[in-house]
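# Commentary on secondary and tertiary structure
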Amino acid sequence: MSLLAESLVFLLAAVISVPLSRRLGFGSVLGYLAAGIVIGPFGLSFVSDVEHILHFAELGVVFLLFVVGLELKPARLWVMRHMVFGLGALQVFLSAIAIAGVAWLFGFAGQTAIVLGLVLALSSTAFVLQMLAEKKQLGTVHGRAAFSVLLFQDLAAIPLIAIMPLLGAGQAAGEGLDAIGVLLMVGTIAGLILGGRLLLRPVLRIAARSEIPEIFTATALLVVIGAALLVQAVGMSMVLGAFLAGILLADSEYRHQLEADIAPFKGLLLGLFFIAVGMSINISLLLGMPGRILLIVALLMATKALVLIPLGRRFGMCDRPAALKLAAVLSQGGEFAFVLFAIAKSAGTLPDPLIQEMTLAVALSMALTPLVYWLAERGSRDDELAE
């Protein structure tokens, strides 16, 4: 199928499924996932190259984090430090321990259980922020708590990506991350921050003076993609580079224009990302072992929820309904799981059949998140009416 024909399939699937999903009250994310399942290789097979689409669509997550950075001034980030490094750090640490403990109880070896705990402790930044923004709940108590947790998780993904190859049984002694690699990463971040402060605003000023709208848009795309590729080149996550670029421009006079120019690309690519996730859901594997896969999904979401509820009450200053909504919105696996499982596969850290099962479980947990959150909202409203 040609690229133009594939584009037509994606657009047609989105135009049909997303409005229907929103009309039913489930939000747009579930509609995109359903569209991906239908048109993907495990559905009607209109599109088969899921990996290629997923890698390209990850730019949607990059643009999303850039926009989040634009809206988060450095002074505000400093104010949030206790939530980010308190609530966020404890969520990752305790969730990893709890998931690893459950995996160990079900017979997995110690190293395998630890890897699963570290990977599955992370949630989906793209799903959660899209859902909360769509519902205009990012400014709520549980919305701010969720954002703090997700921000720390994105930072935590960087060392996880770096150390995952070191856990592989096939790694030769002495290979992997070394002091030079760490210094290179730190130097890259420092260079991006320093260079951004010195160069970004003058470059944007020159683009604005051209008075050609598409030149300013091209410059905005150059800033986001350039920062993302710079940090990726030294082994870090693209989203960190985009997020830092956004923060550096949060106080800029061009902030609103940048956000307006990036928004269409962010929306389209995020939708494509969700469709690609839906396409990756292996329905045949689910039908072949439904009990095992659904048990993994249930244990994953329940374990993370049981960690998040008391943490939300303590650090997020959430009441019970808000803590339940926080747990519901963050209980899924995240998009970084796909990256980390791919690294684990190439390094021999985890067996391929287990990776296929866990990848499917993560995708299903994402698909179930809008439904779980909808139920949590319904429960919260019922509690309020009862009071």
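Residues numbered from 1 in each chain as written. Predicted model: local features only at pLDDT ≥ 70, side-chain atom pairs only at ≥ 80, totals over all residues. Heavy atoms only, no water.

### As for the overall build of the protein chain
Across its full length, the protein chain holds 17 helices and zero strands. On C-alpha atoms alone, the protein chain measures out to a radius of gyration of 21 Å, which is about the 21 Å that the 2.2 N^0.38 rule sets for 387 residues. Overall, the protein chain is about 60 × 55 × 55 Å in size when its C-alpha atoms are taken along their principal axes. Expressed as a percentage of the 387 residues in the protein chain, the buried residues total 52%. Long-range contacts, defined here as pairs at least 24 residues apart, represent 80% of the contacts in the protein chain between residues at least 6 apart. Counting only carbon and sulfur atoms, one obtains 69% of the accessible surface of the protein chain, whose full area is about 17,600 Å². (Helix = DSSP H or I, 4+ residues; strand = E, 2+ residues; numbered from the N terminus. Rg over C-alpha atoms; globule rule 2.2 N^0.38 Å. Buried < 20%, exposed > 50% of the residue type's maximum accessible area, 1.4 Å probe, protein only. Contact = heavy atoms within 4.5 Å. Areas by Shrake-Rupley, 256 points an atom, 1.4 Å probe, with all protein chains shown as cover.)

### Quick word on the nonpolar core
With 131 residues, the main nonpolar core has L330 and F341 as its most contacted residues. Ranked by residue count, the leading element in this core is helix α3 (residues 50-70), at 14 residues. Not counting residues within four places of it along the chain, the set of residues in contact with L330 comprises S123, V128, A146, V149, L150, K304 and L308. (Core = buried A, V, L, I, M, F, W, Y, C linked by side-chain atoms within 4.5 Å.)

### Some details on the packing of α3 against helix α11 (residues 238-248)
Two numbers describe how α3 lies on α11: the axes approach to 7 Å, and their chain directions differ by 30°. Classified by the interaxial angle, the pair formed by α3 and α11 is roughly parallel. For the pair α3 and α11, the crossing hand works out as right-handed. Here E58, V61, V62, L65, F66, V68, G69 and L70 of α3 lie close against α11, whose contacting residues are M238, V239, A242, F243, A245, G246 and I247. (Axes fitted to C-alpha atoms, helices over the stretch in contact; angles between N-to-C directions. Parallel < 35°, antiparallel > 145°, perpendicular 65-115°, else oblique. Left-handed = near helix turned anticlockwise from the far one by under 90°.)

### Focus on the packing of aromatic side chains
Taken as a whole and assessed by the stated rule, the structure comprises five aromatic pairs. Considering the side-chain rings of F63 and F265, the 6.4 Å spacing of their centres and the 50° angle between planes classify their relative orientation as tilted. One end of the pair, F63, is in helix α3; the other, F265, is in helix α12 (residues 255-279), with 202 residues separating them in the sequence. According to the relative accessible area criterion, F63 is buried, its value standing at 3%. (Phe/Tyr/Trp six-rings, centres within 6.5 Å; stacked < 30°, edge-to-face > 60°.)

### Digging into a nonpolar patch on the surface
Together, W104, L105, F106 and L295 make up a nonpolar patch on the protein surface, roughly 500 Å² of accessible area in all. Looking at the secondary structure, you find W104 in helix α5 (residues 81-105). (Patch = residues over 30% accessible without salt bridge, like charges linked within 9 Å, V, L, I, M, F, W, Y side chains within 5 Å. Salt bridge = Lys/Arg side-chain N within 4 Å of Asp/Glu carboxyl O.)

### Regarding helix α14 (residues 290-314)
Under the 1.5 Å per step criterion, the end-to-end length of α14 is 36 Å for 25 residues, consistent within 8% with the ideal 36 Å. Within the sequence span of α14, burial applies to I293, I296, V297, L300, M301, T303, K304, A305, V307, L308, L311 and G312. (Expected span 1.5 Å × (residues − 1).)

### Some details on the pattern of salt bridges
On inspection of all chains with the given rule, the structure shows three salt bridges. The closest approach of N and O atoms between R205 and E253, which form a salt bridge, is 3.8 Å. Of this pair, R205 sits in helix α9 (residues 179-209) while E253 sits in the loop between α11 and α12, placing them 48 residues apart in sequence. Here E357 makes a salt bridge to R292, at a shortest N to O gap of 2.8 Å. You can see E357 sitting in helix α17 (residues 352-386) and its partner R292 sitting in helix α14, a full 65 residues away along the chain. Under the relative-accessibility criterion, E357 is labelled buried at 9%.

### Things to note about unusual backbone geometry
You will see that S45, though not glycine, has its phi angle at about 60°, which is positive. In this structure, S45 sits in the loop between α2 (28-39) and α3. Looking at S45, the relative accessible area reads 44%, which means it is partly exposed. One non-glycine residue with positive phi stands out, namely E211, at about 60°. For E211, the position within the fold is in the loop between α9 and α10 (213-233).

### Section: helix α15 (residues 320-330)
For α15, the buried fraction is high: nine of the eleven residues fall into the buried class. For α15, the set of buried residues is P321, A322, A323, K325, L326, A327, A328, V329 and L330. N-capping of α15 is provided by D319, with a side-chain oxygen placed 3.0 Å from the backbone N of A322. (Polar contact = N/O pair within 3.5 Å; in protein donor to acceptor, adjacent residues only side chain to side chain.)

### Let's talk about the environment of A298
Along the polypeptide, A298 turns up in helix α14. With relative accessibility at 43%, the residue A298 sits in the partly exposed group. In this structure, the C-alpha to C-alpha distance between A298 and L4, residues 294 residues apart in sequence, is 39 Å.

### A closer look at the environment of I206
With respect to the helices and strands, I206 occurs in helix α9. Spatially, the C-alpha atoms of I206 and F216 are 8.9 Å apart, while their sequence positions differ by ten residues.

### Describing the packing of α14 against α15
The contact between α14 and α15 brings their axes to 8 Å, and the two run at 140°. Comparing their axes, α15 and α14 come out oblique. In the packing of α14 onto α15, the handedness of the crossing is right-handed. Contact with α14, carried on its side by K304, A305, L308, I309, G312 and R313, involves R320, A323, L324, L326, A327 and L330 of α15 and no other residues of that element. Of the residues contributing to the contact of α14 with α15, the split by class is eight nonpolar, one polar and three charged. (Nonpolar A, V, L, I, M, F, W, Y, C, P; charged D, E, K, R; others polar.)

### With respect to the confidence of the model for the protein chain
Detailed conclusions should not be drawn from predicted coordinates in areas where pLDDT is low. The share of residues in the protein chain with pLDDT of 70 or more is 90%, and the mean pLDDT across the chain is 82. Across the protein chain, α14 holds the top mean pLDDT of 92, while helix α4 (residues 74-79) sits lowest at 70. Every residue in residues 169-177 scores below 50 in pLDDT, and together they form eleven contacts with partners more than four places removed in sequence or on other chains. (pLDDT = per-residue confidence, 0-100.)

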